[in-house]
Amino acid sequence: MKKQKKNYILPLAAVLCAVSLAVMVFALTRQEVQTKMGEFTPPPFDSAAVVGTPTVPDGLGYNELDCQVYKVSLCGKPTADGDIYLTNPESNEVWLKVRILDVGGNILGETGLVRPGEYVQTVALTTIPKSGTPITLKIMAYEPDTYYSAGAASLNTTFQ
């Protein structure tokens, strides 16, 4: 009986090798199916951007944040007028924009891109939250021309 088992094992092993080889050849020669990704639409530049450094009224919490790859200045206490004074220092090598988000992650407003040496005073708000409402200021940086991300930072604050 042992002789019969050996006779079945050898042909079975040969068939399994042939099937494995066929599967490998098929996998290597077939064309890759590419998943179509949504097309990226570059954000526009903010038409209200002004060259220079703003003169910001007291009480809006205007400060510079060091995000390691870039620096940004903005108001930590945005107002119902949308005053944010997003400033991209001239020393940066990135384009910046900011989104104002509610606690659910919904966009309340956002700027367009701001080049180094420019600032935007206000953000057009789609919804004006009540004073004291928690919000997040999401700062996004892009490499010029390629629009690759240069990082993002978030600042949790409240609406004034």
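Located above this text is the structure these notes cover.
Only a predicted model underlies this, so the values are computations on that prediction, with no experimental measurement involved. (Residues numbered from 1 in each chain as written. Predicted model: local features only at pLDDT ≥ 70, side-chain atom pairs only at ≥ 80, totals over all residues. Heavy atoms only, no water.)

A.B. asks: Quick question: what am I supposed to make of the environment of glycine 76 here?
C.D. replies: As for its placement among the helices and strands, glycine 76 is situated in the loop between strand 3 (71–75) and strand 4 (83–88). Expressed as a C-alpha distance, the spacing of glycine 76 and threonine 157, which sit 81 residues apart in the sequence, is 6.6 Å. (Helix = DSSP H or I, 4+ residues; strand = E, 2+ residues; numbered from the N terminus.)

A.B. asks: Even after reading the chapter, I still don't get the pairing of strand 4, so can you show me in this structure?
C.D. replies: Put simply, side chains in a regular strand alternate between the two faces of the sheet. Taken across its six residues, strand 4 has six buried, putting it largely inside the fold. The alternating pattern of strand 4 places Asp83, Tyr85 and Thr87 on one face and Ile84, Leu86 and Asn88 on the opposite face, and all of these are buried. Relative to strand 7 (residues 118–122), strand 4 is paired through four bridges, and the arrangement is antiparallel. In the sheet register, aspartate 83 faces strand 7, and the bridge partner there is threonine 122. (Buried < 20%, exposed > 50% of the residue type's maximum accessible area, 1.4 Å probe, protein only. Pairing = 2+ DSSP bridges.)

A.B. asks: Even after reading the chapter, I still don't get the nonpolar core, so can you show me in this structure?
C.D. replies: Among the nonpolar cores identified, the biggest contains 22 residues, and Tyr70, Val72, Ile84, Val98 and Ile100 are the most heavily contacted of them. Looking at this core, the elements with two or more residues in it are strand 3, strand 4, strand 5 (95–101), strand 8 (134–142) and strand 9 (149–158). In terms of residue count, strand 8 provides more of this core than any other element does, four residues in total. Apart from residues lying up to four places away in sequence, valine 72 is in contact with Asn63, Glu64, Leu65, Cys67, Leu86, Thr87, Pro89, Leu96 and Ile139. Counting residues in hydrophobic clusters, the runner-up holds five residues, among them Leu113, Met140, Tyr142 and Tyr147. (Core = buried A, V, L, I, M, F, W, Y, C linked by side-chain atoms within 4.5 Å. Contact = heavy atoms within 4.5 Å.)

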